[in-house]
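Survey of secondary and tertiary structure
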Amino acid sequence: MTTANVPITARETRTDHPNIRQISIADLMDAIAKGLADFNAMPTHFFFLAIIYPIVTFAIAGIYGELDLLPFIFPLLAGYTILGPLAATGMYELSRRREFGRYTSRTNAFLVFKSHSINAVAVLGIILMIIYFVWLFAAQLIYQQNFGNTIPDSYIGFVNQILTTPEGISMIIAGCSVGFFFAVIVLSFSVVSFPMLLDLDVGVLTAIKTSVRAVIANPVIMAVWGVIVAASLLVGSLPAFVGLCIVLPVLGHSTWHLYRKIVDC
């Protein structure tokens, strides 16, 4: 086996409660700049096309085919904010290797499957999946509370129903409020936990606790980061979702550098 295909050994931690740094907007912007540099050096947009377009195809089927799926298109796509940290795990590995001066190519993203922490990553991923399906269930309840079991008769009719009726406005407010709640939860326990699991010899609980502490120590910066993530995903979704194949990996690389700035280990 060549060194190009050897995972980096986990770094040992001095404590299960690493110090958390307070960072500035300048630090956040620097993390994003480094994430862009990583993506330019190791473009992985083709990988993300393979992840994005099965969901997009499902969305198109809902719009033009099975109209009973139409009310769930937005919740499905909004799930990128929940599953994004898991989908970007390979990007953390690439940024990690590049920072530590190890050989990197796009295929090194798959070395996460050989990582010492793959079991812990899988457990954290399962937690995210559970939250994702709870979110979909909540979205279904919100829709049924406002429209019952009514199936939209067309895409245009559904849009008009959402934007021009009291029930539609109520659904938008409830959906955005509940979605915000889920987003805050996911951000709090995953913003640095996935990169930390890859980087250090720690368990899932330690990684989650550290992530929550990072958010508590940097509430404003984490709020700004959350807005940047949401806005980036929205903009990336507009040109037929093609932009997501760039936005998702850049956010992943940036998350690695954000972790390195916040967690003192």
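Residues numbered from 1 in each chain as written. Predicted model: local features only at pLDDT ≥ 70, side-chain atom pairs only at ≥ 80, totals over all residues. Heavy atoms only, no water.

1. Section: the overall build of the protein
Helix and strand content of the protein: twelve helices and two strands. Listed N to C, the secondary structure of the protein is β-α-α-α-α-α-α-α-α-α-α-α-α-β in terms of helices and strands. Here the protein, with 265 residues, has 46% of them falling under the buried criterion. In the protein, of all internal contacts separated by at least 6 residues, the share reaching a separation of at least 24 is 78%. (Helix = DSSP H or I, 4+ residues; strand = E, 2+ residues; numbered from the N terminus. Buried < 20%, exposed > 50% of the residue type's maximum accessible area, 1.4 Å probe, protein only. Contact = heavy atoms within 4.5 Å.)

2. Notes on the pattern of salt bridges
Taken as a whole, this structure holds eight salt bridges when the rule is applied. Note that Arg98 is salt-bridged to Asp38, the shortest N-O span being 2.5 Å. Of the two residues, Arg98 is situated in helix α5 (residues 89-99) and Asp38 in helix α1 (residues 25-41); the sequence distance between them amounts to 60 residues. Across the pair Glu93 and Arg96 runs a salt bridge, and its minimum N-O distance is 3.2 Å. Residue Glu93 and its partner Arg96 are both found in helix α5; the two are separated by three residues, about one turn of the helix. By relative accessible area, Glu93 is classed as buried at 1%. Among the ionic contacts, a cluster of salt bridges with common partners joins Glu93, Arg96, Arg97 and Asp199. (Salt bridge = Lys/Arg side-chain N within 4 Å of Asp/Glu carboxyl O.)

3. Digging into the packing of α5 against helix α12 (residues 244-262)
Orientation of α5 relative to α12, taken along the N-to-C sense of each, is 55 degrees, at an axis distance of 8 Å. Taken together, the axes of α5 and α12 lie oblique to each other. As α5 runs across α12, the sense of the crossing is right-handed. Counting all contacts with α5, which are made through Met91, Tyr92, Leu94, Ser95, Arg96 and Glu99, the residues of α12 involved are Pro249, Gly252, His253, Thr255, Trp256, His257 and Arg260. Considering only residue class, the contact of α5 with α12 consists of five nonpolar, five polar and three charged. (Axes fitted to C-alpha atoms, helices over the stretch in contact; angles between N-to-C directions. Parallel < 35°, antiparallel > 145°, perpendicular 65-115°, else oblique. Left-handed = near helix turned anticlockwise from the far one by under 90°. Nonpolar A, V, L, I, M, F, W, Y, C, P; charged D, E, K, R; others polar.)

4. Considering the nonpolar core
Counting 56 residues, the largest nonpolar core has Trp225, Leu233, Leu258 and Ile262 as its most contacted members. Among the elements that make up this core, the one with the highest residue count is helix α6 (residues 118-147) (nine residues). Ranked by size, the runner-up nonpolar core spans six residues in total, among them Ile142, Phe147, Phe158 and Ile162. (Core = buried A, V, L, I, M, F, W, Y, C linked by side-chain atoms within 4.5 Å.)

5. Remarks on the side chain of Ser95
Topologically, Ser95 is positioned in helix α5. Accessibility expressed as a relative area gives 0% for Ser95, which makes it buried. In terms of polar contacts, Ser95 uses its side chain to reach the side chain of Asp38, at 2.6 Å. Ignoring sequence-local partners within four residues, the contact set of Ser95 consists of Asp38, Met42, His253, Trp256 and His257. (Polar contact = N/O pair within 3.5 Å; in protein donor to acceptor, adjacent residues only side chain to side chain.)

6. Points about the environment of Ala109
Its place among the elements puts Ala109 in the loop between α5 and α6. Given a relative accessible area of 8%, Ala109 falls into the buried group. Counting along the chain gives 14 residues from Ala109 to Ser95, while the straight-line C-alpha distance between them is 9.3 Å. Here Ala109 is in contact with Gly90, Met91 and Leu94, once residues within four sequence places are set aside.

7. Some details on a nonpolar patch on the surface
Where nonpolar side chains cluster on the molecular surface, the patch consists of Leu163, Ile169, Ile172 and Ile173 and spans about 350 Å² of accessible area. The element contributing the most residues to the nonpolar patch is helix α8 (residues 166-190), with three residues. Structurally, the position occupied by Ile169 is in helix α8. You can call Ile169 partly exposed: its relative accessible area is 38%. (Patch = residues over 30% accessible without salt bridge, like charges linked within 9 Å, V, L, I, M, F, W, Y side chains within 5 Å. Areas by Shrake-Rupley, 256 points an atom, 1.4 Å probe, with all protein chains shown as cover.)

8. Points about the environment of Ile127
With respect to the secondary-structure elements, Ile127 resides in helix α6. Between the C-alpha atom of Ile127 and that of Val186, which follows or precedes it by 59 residues, the distance is 9.7 Å. Non-local contacts of Ile127, meaning those with residues more than four positions away in its chain, are made with Phe189 and Ile208.

9. Observations regarding the packing of aromatic side chains
Using the criterion set out here, one finds six aromatic pairs in the structure. Ring centres of Tyr132 and Phe133 lie 5.6 Å apart, and the angle between their planes is 55 degrees; this geometry places the pair in the tilted category. Considering the side-chain rings of Trp256 and Tyr259, the 5.3 Å spacing of their centres and the 55 degrees angle between planes classify their relative orientation as tilted. Here Trp256 pairs with Tyr259, and both are found in helix α12, just three residues apart, close to one helical turn. Neither residue differs from the other here; Trp256 and Tyr259 are each classed as buried. (Phe/Tyr/Trp six-rings, centres within 6.5 Å; stacked < 30°, edge-to-face > 60°.)

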